[in-house]
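Now for the letters of each chain:
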Amino acid sequence: MKPLLLSITLLYFSSTYSQSVSTLMGARANGMGYNSAALFDTWSLFNNVAGLTKTEHPTAAFSYDLRPLLPGANRTAATCTWPVKFGVIGGGVFRFGDDLYSESLLSAGFSNQLGLAALGLKINYIQYRAEGFGTKGIFTINFGGIAELTPALAVGAYITNINQPKLSIDDDRVPTLLTAGLSFKPNDKVIIATELEKDLDYATNWKTGMEYVFHKKFCARTGFNLQPQAAFFGLGFKTSKFNLDYAIQHSEHLSLSHQASVGYTFNKK
């Protein structure tokens, strides 16, 4: 059964992200269809690293992405962010796969506010492992920015794997993705976000999503992706120190998948 699952997994991800899986993480972003180009939150290290800028207290978070149809395609990530005198530093780990095939990611990022724009840079060490083929390790670089044009409108963009390192002697390279989007807050209860994601070798993916705060501590989210088509829904609970988020995704290739995230903020009264 495992070889079959591995083949299906690789076929799916090879059609959407070339040689690498998506490392977009966090159930908040997941519930909004991964519209994270212009969002500020704990999981910005794995989305648009510039979004770390608004971190005011040290935070730690964990997320698990469960894909029941393909157990070998489950994803896990943990992240820590902490503000320092000259900006915000973040670190995180990510893992996808099983004993047959896996991708492990170790990331370190930094962001800072420079005038109107928040800018961020992230360095990743990615280790690929496939049974029978050994392991391969590479370094990649991500860069992003978010500009708040008005209190209600922000635009963001980031480049994933800007250095596009080689994966093999056949000149296979880690894919480079360009993502640009905006977020609009018509009031304190609603955030609407939309963005375009372009893998240099594949069709452009259009995403859109929304978050609605229906109680001071509770919110609901929804989103949609065009390429590949997928629908998203999520719920969130947040206090001054603790947050818990859940998202469910339905797509043609993976049917249903679930992601849950938990986060804790330190030294906050």
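This section reports on the structure supplied with the text. Sequence positions are assigned chain by chain, starting from 1 and proceeding in written order. Where local features are concerned, this predicted model is filtered to residues with pLDDT of at least 70; where side-chain atom pairs are given and counted, the filter is 80 or more; whole-chain, interface and lining totals use all residues. Each side-chain value is worked out from all heavy atoms of the structure, with water and hydrogens disregarded.

### Considerations on the pattern of salt bridges
Okay, step 1: Definition used for salt bridges: Asp or Glu carboxyl oxygen within 4 Å of a side-chain nitrogen of Lys or Arg. Evaluation of the coordinates by the stated rule reveals 9 salt bridges.
Okay, step 2: Between K54 and E148 there is a salt bridge, and its shortest N-O distance comes to 3.1 Å. Here K54, found in the loop between helix 2 (27-31) and strand 1 (59-66), pairs with E148, found in strand 6 (residues 134-148); they are 94 residues apart in sequence, far enough to count as distant.
Okay, step 3: Partly exposed describes any residue whose relative accessible area lies between the buried limit of under 20% and the exposed limit of over 50%, with all areas from a 1.4 Å probe on protein chains only and scaled to the type maximum. For K54, a relative accessible area of 43% puts it in the partly exposed group.
Okay, step 4: Between D245 and R221 there is a salt bridge; the shortest N-O distance is 3.0 Å. One end of the pair, D245, is in strand 13 (residues 242-251); the other, R221, is in strand 11 (residues 218-226), and 24 residues separate them in sequence. In terms of burial, D245 and R221 fall into one category: buried. Strands are runs of DSSP state E lasting at least two residues, helices are runs of H or I lasting at least four, and both sets are numbered from the N terminus onward.

### Comments concerning the packing of aromatic side chains
Okay, step 1: Aromatic contacts are taken between Phe, Tyr and Trp rings whose centres are within 6.5 Å, Trp giving its six-membered ring; a plane angle under 30 degrees counts as stacked, one over 60 as edge-to-face, and the others as tilted. Evaluated as defined, the whole model comprises 9 aromatic pairs.
Okay, step 2: On the numbers, 6.3 Å between centres and 70 degrees between planes, the contact of F96 with Y101 is edge-to-face. For the pair formed by F96 and Y101, the shared burial category is buried.
Okay, step 3: Relative to F237, the ring of F218 has its centre 5.1 Å away and its plane inclined at 50 degrees; by these criteria the two rings are tilted. One end of the pair, F218, is in strand 11; the other, F237, is in strand 12 (residues 229-238), and 19 residues separate them in sequence.
Okay, step 4: Assessed through its relative accessible area of 35%, F218 is described here as partly exposed.
Okay, step 5: Look at F237 and you get partly exposed, because its relative accessible area is 26%.
Okay, step 6: One aromatic cluster in this structure is built from W43, F46 and F94.

### Observations regarding the pairing of strand 9 (residues 190-199)
Okay, step 1: Here, a strand pair is defined by DSSP locating no fewer than two bridges between the strands. With 9 bridges connecting them, strand 8 (residues 177-187) and strand 9 associate as antiparallel partners. Paired with L182 across the strands is T194, a residue of strand 9.
Okay, step 2: The hairpin formed by strand 8 and strand 9 contains 2 residues between the paired strands.
Okay, step 3: Relative to strand 10 (residues 205-215), strand 9 runs antiparallel, the two being bridged by 8 bridges. Across the sheet, residue I192 finds its bridge partner in strand 10, namely M210.
Okay, step 4: Counted along the chain from strand 9 to the antiparallel partner strand 10, the turn is 5 residues long.

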